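Structural description and commentary
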Amino acid sequence: MSSYETLEIAMDGPVRHVRLNRPEVRNAFNGVVVDELHRAFAEADADDATRVVVLSGNGKSFSAGADLAWMKEQAGLPHADNSRSADHMARMFLAIARCKKPVVGRMHGHALGGGSGLTAAVDVAICSDDCMFGLTEVKLGIVPAVISPFVLQKIGAGRARTLFLTGERFDGKEAQRIGLVYRSVPVEQLDDAVAQSVKELLSAGPAAVASAKELIRSVAHLSLEDAIPVTSKWIADLRATDEAKEGFSAFLEKRKPTWM
Ligand code: COA
């Protein structure tokens, strides 16, 4: 495992923990964090021993979003460099969303601006009821641009019309109500709730979980008719794999499959 300046990476069996580690600035992300998150998720992708990634933040807050001192610095760069850096930041969210392994997010304290963006980019976001979210960029005279596709996928354009424009903050329960997170729980139950989702993911076939991520991407924008050839081929291919044969046999033989 390579070394990191702004992240803490730890393996717990097949679970790779990626912890944002700039607590003194509430895990705001600058260029180093962006580079390191790219690297951390590329490593998770490439590592056969990793079956689940958990993204969390050390200290008082999950993440206060983009580091505003860094944002100001980027704004002063020649336009081509400013654009390149924005593209690299946008692709960091994509690297998380496209990770071949399922990504669970653990949000506490604050998840503002890009922190809400990271929440939207993970597969299974779990937060504490008192965690504060917000697409607060307009308060700073900018917009939640690079995170917008990820947030829109979770909350839809209708809700975004209010939340992107007002920049208002909202708590974990509201985040769950609007679909930004999967679950919001009292803070003392947060680690158990994360562990519960990790356990569910580990009890599923690893190739099936990866395939499920791809399936959603492939089918989400198809009409019901156009989906038929895609989905019927998908199940025909998948049910013939060794993993599926093992899953079927384990069920019929009343035993655990080999991946459990
Ligand atoms: N970028 C850079 N520095 C940040 C930061 C950010 N997004 N968010 C917090 N910090 C820094 C603060 O400037 C402060 O630095 P200092 O100790 O040198 O004064 C330190 O982190 C702690 O922040 P503080 O505001 O004192 O902590 P808090 O626990 O009272 O409040 C927040 C935490 C997250 C509510 C508050 O810091 C905040 O609103 N941050 C901005 C969030 C935001 O608008 N993000 C959108 C970015 S696009």
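The rules behind each value
Residues numbered from 1 in each chain as written. Predicted model: local features only at pLDDT ≥ 70, side-chain atom pairs only at ≥ 80, totals over all residues. Heavy atoms only, no water. Helix = DSSP H or I, 4+ residues; strand = E, 2+ residues; numbered from the N terminus. Expected span 1.5 Å × (residues − 1). Buried < 20%, exposed > 50% of the residue type's maximum accessible area, 1.4 Å probe, protein only. Contact = heavy atoms within 4.5 Å. Phe/Tyr/Trp six-rings, centres within 6.5 Å; stacked < 30°, edge-to-face > 60°. Lys NZ or Arg CZ within 6 Å of the ring centre and 35° of its normal. Patch = residues over 30% accessible without salt bridge, like charges linked within 9 Å, V, L, I, M, F, W, Y side chains within 5 Å. Areas by Shrake-Rupley, 256 points an atom, 1.4 Å probe, with all protein chains shown as cover. Salt bridge = Lys/Arg side-chain N within 4 Å of Asp/Glu carboxyl O.

A look at helix H8 (residues 206–219)
The end-to-end C-alpha separation of H8 is 20 Å, in line with the 20 Å expected for 14 residues at 1.5 Å each. Buried within H8 are the following residues: Val209, Ser211 and Lys213. Elements that come into contact with the buried residues of H8 comprise helix H3 (79–97), strand S4 (103–107), helix H7 (190–202) and helix H9 (224–239).

Considerations on the packing of aromatic side chains
Within this structure, the stated rule accounts for three aromatic pairs. An angle of 20° between the planes, with centres 6.0 Å apart, marks the rings of Phe133 and Phe170 as stacked. Within this pair, whereas Phe133 is found in strand S7 (residues 132–134), its partner Phe170 is found in strand S8 (residues 169–171), the two being separated by 37 residues in sequence. Residue Phe170 is classed as buried on the basis of its relative accessible area of 6%. One aromatic cluster is present, built from ring pairs that chain together Phe29, Phe93 and Phe150. Note that Arg39 overlies the ring of Tyr4, its terminal NZ or CZ placed 4.3 Å from the centroid.

Quick word on a nonpolar patch on the surface
Together, Leu68, Leu140 and Ile142 make up a nonpolar patch on the protein surface, roughly 260 Å² of accessible area in all. In this structure, Ile142 sits in the loop between S7 and helix H5 (148–166).

This is a description of form; function is not addressed.
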